[in-house]
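Here are the chains, one letter per residue:
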Amino acid sequence: MTLLDHLARAVAATPDKPAVHATRAENGTVRTLSYAELDRLSSEAACGLRRLGVTPGKVVSFQLPNWWEFTVLHLACLKAAAVSNPLMTIFRERELRFMLGHARSRVLITASSFRGHDHRALAHAVRDAVPTLAHVRIAGAAGTEGFDSLLGATDGADRRPDSDDVIQLLYTSGTTGEPKGVMHTSNTMLSNLVPFAARLGLGAGDVIHMPSPLAHQLGFMYGVVLPVMLGATSVLQDVFAPDTMAAQIRETGATFTMGATPFLNDLAEHVGGSGAGTSTLCVFVSAGAPIPPALVARARAALGCAVISAWGMSENGAVTTTCPDDSEARITGTDGTALDGMEVRIVDARGAALPADSEGRLQVRGCSNFAGYLGRPDLDNTDTEGWFDTGDLARMDAAGYIRICGRSKDIIIRGGENIPVVEVESLIFRHPAVAEVAVVGYPDPRLGERACAVVRLRAGATLDFAGLRAHLEAQRMARHYMPERLPILDELPRTPSGKVQKFRLRALLAEAPVS
Ligand code: ADP
């Protein structure tokens, strides 16, 4: 099956039911689309994309906040047999030029502005730099460049992709110096969502609130695809603020939500503090970053709902989750057990499986593992037996419950958002004053981690934080990747073979906070 089969079923059963309920924080407008409207608008947008020369297999990029156009576009891409390429709104020219160039995108759909940034100007700069990019369309704008110019007509040429066709291309922060284009098919996505919904008891009656960006795999799979698969209602929040989230949950009767730890932390604090209940909410799934046991306990008490921890990646969706009727110890202290269709195991450095309760590399295998990295099969850590090496370190108990205890890959997770360390280091290294640089994470109570650039300067050179910032801004790097501290050392700690010992830098930062 593909999502279009689920859409057709929902349209036939409940044409007037709200499918998408989306708010724009900038002007407070709300747009609700019924299943019949979602079907019509996505057929019109598919026709509009075809008018722009989008043929089957072509990539359509969209850098959009959590707006209704997002869900319409994904369904339109399916109907045009094209590939959806969601892009985070935090990406700037450097990231977009790479991604759209690499994907050979034909169309870019964006906002005119979002959170004070001029996305129209950004899209035009990217169009001028990417040869395949023929068209830009702007959500919320009028005229020929407006998103609405894609709508208004159908041509009866809608298709249905094969369930093994690539339908989504999502760039994930590189550990290798450049972003990797993760490819998914209808089968790899739906084979995750079916057991996920079954385990958590989700169905057409649910109202799914999504505060996480839809351009993350978390937001995309559980905020765009899951609601349509279930014939449920999605509630999209474009700018996260805990008071607005609580109000939206109350107003829409939301029953389910999902986000990284800061969302859980902030909502629990707000509801606990204000006493304003979110009584319809049954489940909050936390995933994407380490989940402290004390937070799970506190949030359950504050929200009065099940708090489910999950582990997953863009490459395979939520692979493990806890179960609503698990013991207290498992709910607060583990990242859960594999969903049906997926296996997990812990191996040593040589790839040999380890006994229960030992720490090692986490590997996963099964039907929701991705279809490879676009153009870079060499980067795919899936072995010939189908085991994908995740780059995370974990322990697994005898019953199959895992706990993430670290990472072997070099990324920093700041509030659920990954920072590609190798990319940022190479940008900093371009500064003439820098002889050596290592970007490492340091703990933060709310965001989990923040990034710090530890630098050794060239003899006689100087660099301050403002200088580093200006240097990185000039390279049009996403602001979110910006390191927040800049200690200068005379020497970086090294192994005898010359490798920078990041664990020693982290310990140094934790012990003696340097500015
Ligand atoms: P997403 O789009 O869901 O954020 P990414 O592929 O960007 O996924 O990031 C995946 C990484 O996030 C994992 O490899 C892991 O390092 C981290 N992560 C996800 N879930 C957890 C968890 N429950 N505990 C600790 N780290 C996690």
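This one's a predicted model, so the numbers in the text were calculated from it and none came from an experiment. Per chain, residues are indexed from 1 in the order of the written sequence. For this predicted model, a pLDDT threshold of at least 70 governs which residues receive local features, and a threshold of 80 or more governs which side-chain atom pairs are given and counted, while totals over whole chains, interfaces and linings are taken from all residues. In computing side-chain values, all of the structure's heavy atoms are included and hydrogens and water are not.

Draft legend 1. Examining the overall build of the protein more closely. Along the backbone of the protein there are 14 helices and 25 strands. To get the radius of gyration, use the C-alpha atoms; to get the globule rule, take the number of residues to the power 0.38 and multiply by 2.2 Å. Computed over its C-alpha atoms, the radius of gyration of the protein comes to 23 Å, within 12% of the 24 Å expected for a compact globule of 515 residues. Here the C-alpha coordinates of the protein stretch approximately 65 × 55 × 50 Å along the principal axes. The buried share of the protein, reckoned over its 515 residues, is 57%. Taking the intrachain contacts of the protein between residues at least 6 apart in sequence as the baseline, contacts between residues at least 24 apart amount to 68%. Areas reported here follow the Shrake-Rupley algorithm with a probe of radius 1.4 Å; residue values treat only the protein chains shown as occluding. As presented, the protein carries roughly 19600 Å² of accessible surface, and 52% of it is formed by carbon and sulfur atoms. The charged-residue count follows a simple rule in which Lys and Arg add positive charge and Asp and Glu add negative charge, with His and chain termini not counted at all. For the purpose of locating charges, the reference atoms are NZ of Lys, CZ of Arg, CG of Asp and CD of Glu. The protein carries 50 positive and 55 negative side-chain charges, and their two centres are separated by 4 Å. Think of it this way: any DSSP run of H or I at least four residues long counts as a helix, any run of E at least two long counts as a strand, and we number them from the N terminus. Partly exposed describes any residue whose relative accessible area lies between the buried limit of under 20% and the exposed limit of over 50%, with all areas from a 1.4 Å probe on protein chains only and scaled to the type maximum. The contact criterion used is simple: two residues touch if any of their non-hydrogen atoms lie within 4.5 Å.

Draft legend 2. Broad picture of the site of the ligand. Near, as used in this document, describes a residue that has one of its heavy atoms within 4 Å of the molecule or strand being considered. Close to the ligand lie 19 residues; Ala-310, Ser-314, Asp-392, Lys-409 and Asn-418 are nearest. Under the rule applied, a polar contact is a pair of N or O atoms within 3.5 Å (in protein, one hydrogen donor and one hydrogen acceptor; residues adjacent in sequence only if both atoms are side-chain atoms). One of the backbone N or O atoms of Ala-289 is found 3.4 Å from a nitrogen atom in the ligand. Here an oxygen atom of the ligand and a side-chain polar atom of Asp-392 are 2.6 Å apart. When the free accessible area of the ligand is taken as 570 Å², the share hidden by the protein chains comes to 94%.

Draft legend 3. Structural detail: the sheet that holds strand β13 (residues 256-259). A strand pair is defined by DSSP finding two or more bridges across the two strands. Across the sheet, nine strands lie side by side as β2-β1-β12-β11-β13-β14-β15-β16-β17; this open sheet has mixed pairing. Of all the strands in the sheet, just β2 (29-34) and β17 (337-338) have a single pairing partner and so form its edges. Sheet topology note: the strand β1 (residues 18-24)/strand β12 (residues 233-237) ladder contains four bridges and is parallel. Bridge assignment links Val-20 to a residue of β12, and that residue is Ser-234. A fitted line through C-alpha atoms represents every axis, and for helices the fit uses only the stretch in contact; the resulting angles, taken between N-to-C directions, go from 0 to 180 degrees. Contacts between helix α7 (residues 217-230) and the sheet are confined to β11 (207-210), β12, β13, β14 (283-287), β15 (306-313) and β16 (317-321), with β11 contributing the most and set at about 160° to the helix. The sheet strands contacting helix α8 (residues 242-252) are β1, β11, β12, β13 and β14, and the helix crosses β12 at an angle near 160°.

Draft legend 4. Examining the sheet that holds strand β21 (residues 402-407) more closely. Strands sit in the order β18-β19-β20-β21 across an open sheet of four strands; the sheet is antiparallel. Strands with a single pairing partner mark the edges of an open sheet, and in this sheet they are β18 (342-347) and β21. Going from strand to strand, the sheet's axes swing by 50° on average, the running direction of each strand aside. The pairing of strand β19 (residues 360-366) with strand β20 (residues 388-396) spans four bridges and is classified as antiparallel. Its bridge partner lying in β20, Gln-363 is registered against Asp-389.

Draft legend 5. Molecular detail of unusual backbone geometry. Residues other than glycine seldom take positive phi values, yet Ala-81 does so here, at roughly 55°. In this structure, Asp-357 takes a positive phi of about 70° despite not being glycine. Relative to the elements of secondary structure, Asp-357 occurs in the loop between β18 and β19.

Draft legend 6. Structural detail: the side chain of Arg-92. Tracing the backbone shows Arg-92 in the loop between β4 (83-86) and α4 (93-103). Apart from residues lying up to four places away in sequence, Arg-92 is in contact with His-117, His-119, Leu-122, Arg-476, Met-477 and Ala-478.

Draft legend 7. View of the UniProt feature "domain: AMP-binding enzyme C-terminal" (unreviewed entry) in the protein. UniProt positions are given in the numbering used here, feature names are shortened, and annotations may be inferred rather than shown by experiment. Listed under "domain: AMP-binding enzyme C-terminal" (unreviewed entry) in the UniProt record, and renumbered for this structure, are residues 423-499. Strand forms 27% of residues 423-499 and helix 22%; the C-alpha atoms that close the span are 17 Å apart.

Draft legend 8. The arrangement of the pairing of β13 in detail. Where burial is concerned, the two faces of β13 agree: the one with Phe-256 and Met-258 and the one with Thr-257 and Gly-259 are both buried. Pairing between β13 and β14: four bridges, direction parallel. Note that in β14 the partner of Met-258 across the bridge is Val-285.

Draft legend 9. Spatial organisation of helix α5 (residues 119-129). Every buried residue of α5 is listed here: His-119, Leu-122, Ala-123 and Val-126. Down the axis of α5, the buried side of the element spans an arc of 100°, and every buried residue falls inside it. Here the buried face of α5 lies against β3 (59-63), α4, β5 (107-111), β6 (113-114), β7 (117-118) and β8 (135-139). With a side-chain oxygen positioned 3.2 Å from the backbone nitrogen of Arg-120, the residue opening α5 is Asp-118. Within this analysis, the arc is defined by the directions that extend from the helix axis to the C-beta atoms.

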